[in-house]
Amino acid sequence: MNNLFSLPVHVKAGTCEVIAAHRCCNKNKIEERSQTVKCSCFPGQVAGTTRAAPSCVDASIVAQKWWCQMHPCLDGEECKVLPDLTGWSCSTGNKVKTTKVGAFSITHNLT
């Protein structure tokens, strides 16, 4: 059986690499994206998001849920932490990208 997850993926120390990506659209025409990422972070760092890409970030940012301190949005986008602290949104004009963090996953919704 030859599947993506059976192949060894070597990631340079202090970096993350996307090893699988998925995209779908729900009935409300909101695009949902998810990706599987492998990270090799230094001590005191965990997997996070910087400029809309997977990265290693300071663990305290994630522990405190200070999501916007990771600089998860692209240049020119405004970052706002969601009211329930479960993620963040990046907005520019009338386009909003919402990211929710679960125990082991991150889900991006584009509206």
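Residues numbered from 1 in each chain as written. Predicted model: local features only at pLDDT ≥ 70, side-chain atom pairs only at ≥ 80, totals over all residues. Heavy atoms only, no water.

### Description of the pattern of salt bridges
Let me state the cut-off plainly: Take a side-chain nitrogen of Lys or Arg and a carboxyl oxygen of Asp or Glu: if they are within 4 Å of each other, that pair is a salt bridge. Helix and strand assignments follow DSSP, with helices taken as H or I runs no shorter than four residues and strands as E runs no shorter than two, numbered in order from the N terminus. Working definition: with a 1.4 Å probe on protein chains only, accessible area under 20% of the residue-type maximum means buried, over 50% means exposed, and in between means partly exposed.
Under the defined criterion, the tally for this structure stands at three salt bridges. The salt bridge involving Asp75 is made with Arg51; its shortest N-O contact spans 3.5 Å. Taken together, the residues span a long stretch of sequence, with Asp75 in the loop between α1 (59-64) and β5 (78-81) and Arg51 in the loop between β3 (45-50) and β4 (53-58) at a distance of 24 residues. With relative accessibility at 68%, the residue Asp75 sits in the exposed group. Here Lys97 and Glu77 are joined by a salt bridge, their closest N and O atoms 2.8 Å apart. Note that Lys97 is positioned in strand β7 (residues 95-101) and Glu77 in the loop between α1 and β5, a separation of 20 residues in sequence.

### Let's talk about the environment of Val11
With respect to the helices and strands, Val11 occurs in the segment before β1 (15-25). For Val11, a relative accessible area of 17% gives the class buried. Separated by 27 residues in the primary sequence, Val11 and Lys38 have C-alpha atoms spaced 7.2 Å apart.

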